[in-house]
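Here are the chains, one letter per residue:
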Amino acid sequence: MRISIVGSGYVGTTIAACFADVGHDVVNIDIDEGIVASLNDGQSPIHEPGLDELVAEHAGEGLRATTDYAAVTDTEVTFLALPTPAEDGGHIDLSVTKSGARSLGAALGESDTDHVVVTKSTVVPTTTEGTIAPIVAEESGMSVGDDLHVGMNPEFLREGSAVSDFLGPDKVVLGAETDRAREALRGVFDPLVERASDPPVIETGIAEAEMIKYANNGFLAAKISLANDIANVCREYDVDSEAVLSAIGLDHRIESEFLGAGVGWGGSCFPKDVAAIIAAARGVGYEPMMLEAAVEVNDRQPVRLLDRLREYVDPAGARVAVLGLAFKPGTDDIRNSRAIPLVEALSEAGSDIVGYDPVATDNFHGRYPDIDYADSAAAALDGADAALVVTDWPEFADLNGEFDAMATPVVVDGRRIVTRREGIVYESLV
Ligand SMILES: NC(=O)c1ccc[n+]([C@@H]2O[C@H](COP(=O)([O-])OP(=O)(O)OC[C@H]3O[C@@H](n4cnc5c(N)ncnc54)[C@H](O)[C@@H]3O)[C@@H](O)[C@H]2O)c1
Ligand SMILES: O=c1ccn([C@@H]2O[C@H](COP(=O)(O)OP(=O)(O)O[C@H]3O[C@H](CO)[C@@H](O)[C@H](O)[C@H]3O)[C@@H](O)[C@H]2O)c(=O)[nH]1
């Protein structure tokens, strides 16, 4: 099929390259000329395992990019993969999505064929039909359900494994209200589903598809917070939380993934999506207490980590090594990283902070230029009064003799990754 994708960030680029790989003819539309040039040169504008290879293979053939929305008129289906950040107060900020919908509508107005517009972005229920579709219809002069059809296809890929997640999904959710939109979505996904050995395909309504995405992220975030709550109780009883959580994970009704207790969840999705669905629920008169509690537990974990530190070291004037700045291992993304509240609290307490991350140092430096940075964990630990382990990078599990160079070998581990050993004062958060 001929597909256009508006927005070529983490999601837009990944799905474009993967759709091209399963045989579709894809055009990416982005306002960023650098991104467009990079894609047309066969280079992925973002770093994801396997993506460079796919972009290099399909650029100039099944995959091309442009800044010109007119390209949509040569396609049958357009996916909107634009950012939907949170405003102050958590509400979803639809300004970029609305602007993209206006440009899309204006371009479609120049065509006399019908078109299917699919929301790929994470949006709160009713956004596709209540906000996006009316804008596209008004700008194009098309009529929803007649020559303009809309759908919603939430995305569940994770950063760091975006290509393999997209090409091997646990499920595919196709939200549509008309046969034309449903058929188009099936046409797009059939080759992928076939190649992925038939994962479940859920055909549902548009608002249900929108809500499935929030339910998925809300549940996973709350699952981690519940694991943290349980681990915090374990710690008060001096019970090994890892033994407890791995045992409950064997119950197939609980399942072991996302029971990793520690300093909490961050990233570009969980915080903003949980905030957005809480704000949306309050807007329709419902107080989602479990989701609110999930946020509260998450916000408390970095505070608890610093409490552990204070049991051994007064942060005022102490040199504190912060190991791990990315929001999770395998990425240089620092959005809502747990290192952020920790560095801010340490700065306020007057600590002399030295940060280290295998790949995220430049991004963190851009936001916090005034702290020190080391180019290895060993260099960060050298002379430090304490170390906080914030991201579970595998290399931190191998640290050993490096702790001997600390001024005082206090290690407070927010991810239970460092091995307890002779010669260090080891404290685990959970
Ligand atoms: N990043 C993830 O892991 C992930 C996973 C699932 C769902 N999502 C959701 O997907 C959506 C997109 O997220 P992302 O991480 O890909 O965003 P992103 O910020 O990485 O990319 C967005 C792209 O849109 C482009 N853009 C901005 N305004 C535009 C306009 N008017 N016209 C055309 N292009 C424009 C930007 O230049 C950028 O390249 C969000 O709703 C997000 O919540 C993200
Ligand atoms: O057991 C765990 C698992 C994860 N995390 C933390 O949770 C956050 C999110 O991790 P992860 O889900 O792996 O990363 P994302 O790339 O943010 O992916 C999430 O957000 C995406 C955007 O919506 C969704 O598409 C994915 O399905 C969803 O997993 C990170 O800070 C992790 O450190 C834990 O603390 N404990």
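Since the structure is predicted, the reported quantities are computational estimates derived from the model, not experimental observations.

S.K.: So, unusual backbone geometry: which residues are in play, and what are the values?
M.R.: Non-glycine residue serine 197 carries a positive phi angle of around 60°. Relative to the assigned elements, serine 197 resides in the loop between α7 (179-195) and β8 (201-204). Judged by relative accessible area, which is 61%, serine 197 ranks as exposed. In this model, asparagine 336 sits at a positive phi of 55°, which is unusual for a non-glycine residue. Mapped onto the elements, asparagine 336 comes out in the loop between β9 (319-323) and α12 (339-349).

S.K.: Describe the packing of aromatic side chains, with residues and values.
M.R.: For the structure on display, the rule yields eight aromatic pairs. When the ring of phenylalanine 19 is compared with that of phenylalanine 166, the centres are 5.4 Å apart and the planes differ by 75°; the resulting orientation is edge-to-face. A residue pair is termed long-range when its members are at least 10 positions apart, and phenylalanine 19 in helix α1 (residues 10-21) and phenylalanine 166 in helix α6 (residues 162-167) qualify at 147 residues. The aromatic ring of phenylalanine 156 is capped on one face by lysine 171, whose charged end is 4.2 Å from the ring centroid.

S.K.: Describe the domain arrangement of the protein, listing the residues and the values that go with them.
M.R.: Split into domains, the protein comes out as domain 1 (2-204) and domain 2 (301-428). Put simply, the middle of domain 1 and the middle of domain 2, counted by C-alpha atoms, are 39 Å apart. With four residues of domain 1 at the interface, the matching set in domain 2 holds seven residues. Contact with domain 2 buries surface across domain 1, with Tyr10, Glu159 and Gly160 losing the most and accounting together for 86% of the total.

S.K.: I'd like a description of the UniProt feature "domain: UDP-glucose/GDP-mannose dehydrogenase C-terminal" (unreviewed entry) in the protein, backed by residues and values.
M.R.: The UniProt feature table records "domain: UDP-glucose/GDP-mannose dehydrogenase C-terminal" (unreviewed entry) at residues 321-420. The span residues 321-420 carries 27% helix and 18% strand; its end-to-end C-alpha distance comes to 18 Å.

S.K.: Go over the sheet that holds strand β5 (residues 115-119) with me, naming the residues and quoting the values.
M.R.: Here we have eight strands laid out as an open sheet, ordered β3-β2-β1-β4-β5-β6-β7-β8, and mixed in their pairing. Both outer strands of the open sheet, β3 (63-66) and β8, are each paired with one neighbouring strand and no more. Taking the axes of each pair of neighbouring strands and ignoring which way they run, one obtains an average angle of 25° across the sheet. Of the strand pairs in this sheet, strand β4 (residues 77-80) and β5 are connected by four bridges, and their pairing is parallel. Pairing of leucine 80 across the sheet is with threonine 119, part of β5.

S.K.: Run through the pairing of β9, naming residues and quoting values.
M.R.: When you tally the buried positions in β9, you get four out of five residues, the bulk of the element. Looking at chain direction, β9 and strand β10 (residues 352-356) are connected through five bridges and run parallel. In the sheet register, arginine 319 faces β10, and the bridge partner there is aspartate 352. The parallel pair β9 and β10 is bridged by α12, and the resulting crossover is right-handed. Sheet topology note: the β9/strand β12 (residues 386-389) ladder contains four bridges and is parallel. Bridge pairing in β12 links leucine 323 to valine 389.

S.K.: A description of the side chain of serine 351 should follow, citing residues and the corresponding values.
M.R.: Residue position: serine 351 is located in the loop between α12 and β10. A relative accessible area of 12% places serine 351 in the buried class. Residues contacting serine 351, with those up to four places away along its chain left out, are Pro315, Gly317, Ala318, Val320 and Leu346.

S.K.: If you had to explain the layout of surface pockets to someone new, which residues and values would you point to?
M.R.: Where empty space is left can be seen by rolling a probe of water-molecule size over the atoms. A volume near 280 Å³ is recorded for the second largest pocket. Forming the boundary of the second largest pocket are 14 residues, of which Asp238, Arg416, Arg420, Ser428 and Val430 lie nearest the centre. Elements with a contribution of two residues or more to the lining of the second largest pocket: α9 (241-248) and β14 (425-428). In terms of residue count, the dominant contributor to the lining of the second largest pocket is β14 (three residues). Of the residues in the lining of the second largest pocket, the class split is four nonpolar, three polar and seven charged.

S.K.: Break down the packing of helix α11 (residues 289-310) against α12 for me, citing the residues and quoting the values.
M.R.: Their axes nearest at 9 Å, the elements α11 and α12 cross at an angle of 45°. Taken together, α11 and α12 sit at an angle that is classed as oblique. The element α11 and its partner α12 pack so that their crossing is right-handed. Counted together, Pro302, Leu305, Leu306 and Leu309 of α11 and Pro341, Leu342, Ala345 and Leu346 of α12 form the full contact between these two elements. The residue makeup of the contact of α11 with α12, split by class, is eight nonpolar, no polar and no charged.

S.K.: Talk me through the pattern of salt bridges; I want residue IDs and the actual numbers.
M.R.: Throughout the structure, instances matching the rule amount to 24 salt bridges. Close ionic contact of arginine 416 with aspartate 240 constitutes a salt bridge, the shortest N to O distance being 2.9 Å. Of this pair, arginine 416 sits in the loop between β13 (410-413) and β14 while aspartate 240 sits in the loop between α8 (206-236) and α9, placing them 176 residues apart in sequence. Judged by relative accessible area, arginine 416 falls into the partly exposed class, the value being 26%. Between arginine 310 and aspartate 307 there is a salt bridge, and its shortest N-O distance comes to 3.6 Å. Placement of both arginine 310 and aspartate 307 in helix α11 is noted, with a separation of three residues, approximately one turn of the helix. A relative accessible area of 45% means that arginine 310 is categorised as partly exposed. What you see here is one network of salt bridges that share partners, running through Glu159, Asp333 and Arg335.

Reading the values: the criteria
- Residues numbered from 1 in each chain as written.
- Chains lettered and ligands numbered in written order.
- Predicted model: local features only at pLDDT ≥ 70, side-chain atom pairs only at ≥ 80, totals over all residues.
- Heavy atoms only, no water.
- Helix = DSSP H or I, 4+ residues; strand = E, 2+ residues; numbered from the N terminus.
- Buried < 20%, exposed > 50% of the residue type's maximum accessible area, 1.4 Å probe, protein only.
- Phe/Tyr/Trp six-rings, centres within 6.5 Å; stacked < 30°, edge-to-face > 60°.
- Lys NZ or Arg CZ within 6 Å of the ring centre and 35° of its normal.
- Domains from an automatic or database assignment.
- Contact = heavy atoms within 4.5 Å.
- Buried area = accessible area lost by both parts, 1.4 Å probe.
- UniProt positions renumbered as here; feature names shortened; annotations may be inferred.
- Pairing = 2+ DSSP bridges.
- Axes fitted to C-alpha atoms, helices over the stretch in contact; angles between N-to-C directions.
- Right-handed = clockwise from strand over helix to strand, strands pointing away.
- 1 Å grid on protein atoms, 1.4 Å probe; cavity = no way out; pocket = protein on both sides within 12 Å on 5 of 7 lines; lining within 4 Å.
- Points joined across faces, edges and corners; volume = space filled by probe spheres on them.
- Nonpolar A, V, L, I, M, F, W, Y, C, P; charged D, E, K, R; others polar.
- Parallel < 35°, antiparallel > 145°, perpendicular 65-115°, else oblique.
- Left-handed = near helix turned anticlockwise from the far one by under 90°.
- Salt bridge = Lys/Arg side-chain N within 4 Å of Asp/Glu carboxyl O.

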